[in-house]
Amino acid sequence: MNSPGPVNQILDFYKKLERNPEYEWVKWSKVRKRFTIKNANAFFIGVMLDQGQTAERAWDGGEHMVDNHFKGKRNFWKSVAATHRSTIRKICQKGYDETSYASVFCFNKFPIWLRNASDKMLNDYKGDPRNIWNVTSENVNEIYIRFKSFDGIGDALSKMAQFILVRNYGIAGGIENRSNMSVKPDELVRRVLFRSGISTSNKIRESIEALENLHLPSPADFDAAAWIIGREYCLKNKPKCYSCPILVSCQYGKRHNQANSADAKSRGAPRSVE
Ligand code: SF4
């Protein structure tokens, strides 16, 4: 029997994840869930922080900021806009239990992004992030476009925010848009696409083209499964091919796993995949 290709293996892996309570977030919500204004603010900030650090720390950082700063009677974003820029910088760089909310990469940029976001949030969304995603099912792509128009929120983060809102909160039609949302692969997904042979290049444009050519029934599901493979197995250095769920069909995995096995037998040392 022929072994399945990497695309089918990634889709099969998604089905396993769906049944695993540890990966609750990959499942589609059957109901429309509502955000409180506080949760919506924390979500928005979490999206902005989710670069160069773990997702867990980013989401926690969003919650921590709305719990501890820019509080009072004013709307959160009005408070940010009314705060002196040097104080915003101090809060952003020291206010997370004496550490920075943002990663090293965004250390100096995040205070500026946050201040700029407050202007946009007040001018365009009445100081309420829920208005960003308050769109009809036909306009689901508007969520992605709106997130992307904020400083510091690029392609992959905008897409991630759209997926989470539609998949996990049933926003903008929820599951009825399962087949409609395209993928903008982040670094982890691009690496899996390239190493597995699904894309001939690790570049964003070729990766998107490769995904479009697959005509996936649910790009968001494929993206979630590939992202988890990228995060847990397909590490930049020393990928864990030996336990990866798509090893049997992955071009690089097969080659380097064999090489590693032979190497380990002769020298006892693991090798890495570039
Ligand atoms: S088999 Fe190895 S190279 Fe291929 S996707 Fe899995 S971890 Fe990455």
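Just so it is clear, the model here is predicted, and its values are computed rather than measured. (Residues numbered from 1 in each chain as written. Predicted model: local features only at pLDDT ≥ 70, side-chain atom pairs only at ≥ 80, totals over all residues.)

**Side note on the overall build of the chain**
Reasoning step 1: Along the backbone of the chain there are twelve helices and zero strands.
Reasoning step 2: When its helices and strands are written in sequence order, the chain yields α-α-α-α-α-α-α-α-α-α-α-α.
Reasoning step 3: For 274 residues, the compact-globule estimate of 2.2 N^0.38 gives 19 Å, and the chain sits close to it at 21 Å.
Reasoning step 4: Residues counted as buried form 39% of the 274 residues belonging to the chain.
Reasoning step 5: At a minimum sequence separation of 6, the contacts of the chain that also span at least 24 residues come to 60%. (Helix = DSSP H or I, 4+ residues; strand = E, 2+ residues; numbered from the N terminus. Rg over C-alpha atoms; globule rule 2.2 N^0.38 Å. Buried ≥ 20, exposed ≤ 12 C-beta atoms within 10 Å, placed from the backbone. Contact = placed C-beta atoms within 7 Å.)

**What about the site of the ligand?**
Reasoning step 1: Contacts to the ligand come from 16 residues, most closely from Cys234, Cys241, Cys244, Cys250 and Gly253.
Reasoning step 2: Secondary structure elements with two or more residues in the shell around the ligand: α9 (187-196) and α12 (251-267).
Reasoning step 3: Here the shell around the ligand gets three residues from one element, more than from any other, and that element is α9.
Reasoning step 4: Class assignment of the residues belonging to the shell around the ligand gives a composition of twelve nonpolar, two polar and two charged. (Near = placed C-beta within 6 Å. Nonpolar A, V, L, I, M, F, W, Y, C, P; charged D, E, K, R; others polar.)

**Looking at the domain arrangement of the chain**
Reasoning step 1: Along its sequence, the chain is organised into domain 1 (6-27 + 181-267) and domain 2 (37-176).
Reasoning step 2: A C-alpha centroid distance of 28 Å is found between domain 1 and domain 2.
Reasoning step 3: With seven residues of domain 1 at the contact, the number on the domain 2 side is nine residues.
Reasoning step 4: Residues that form the side of domain 1 that touches domain 2 fall into these classes: four nonpolar, no polar and three charged. (Domains from an automatic or database assignment.)

**A word on the packing of helix α2 (residues 37-49) against helix α3 (residues 55-68)**
Reasoning step 1: For the pair α2 and α3, interaxial distance at closest approach is 7 Å and the crossing angle is 135°. It follows that α2 is oblique to α3 by the angle criterion. Crossing geometry of α2 relative to α3 is assigned as right-handed. For the pair α2 and α3, contact is made by Lys38, Asn41, Ala42, Phe43, Ile45, Gly46 and Leu49 and by Ala58, Trp59, Gly61, Gly62, Glu63, Met65 and Val66, respectively.
Reasoning step 2: Across the contact of α2 with α3, the residue classes tally to eight nonpolar, four polar and two charged. (Axes fitted to C-alpha atoms, helices over the stretch in contact; angles between N-to-C directions. Parallel < 35°, antiparallel > 145°, perpendicular 65-115°, else oblique. Left-handed = near helix turned anticlockwise from the far one by under 90°.)

**A closer look at α2**
Side chains that are three or four residues apart share a direction in an α-helix, a result of its 3.6 residues per turn.
Reasoning step 1: Counted at 1.5 Å a residue, the expected span for α2 with its 13 residues is 18 Å, and the 18 Å between its end C-alpha atoms agrees.
Reasoning step 2: Its buried side turned inward, α2 meets α3, α4 (76-82), α6 (110-125), α7 (141-148) and α8 (155-169). (Expected span 1.5 Å × (residues − 1).)

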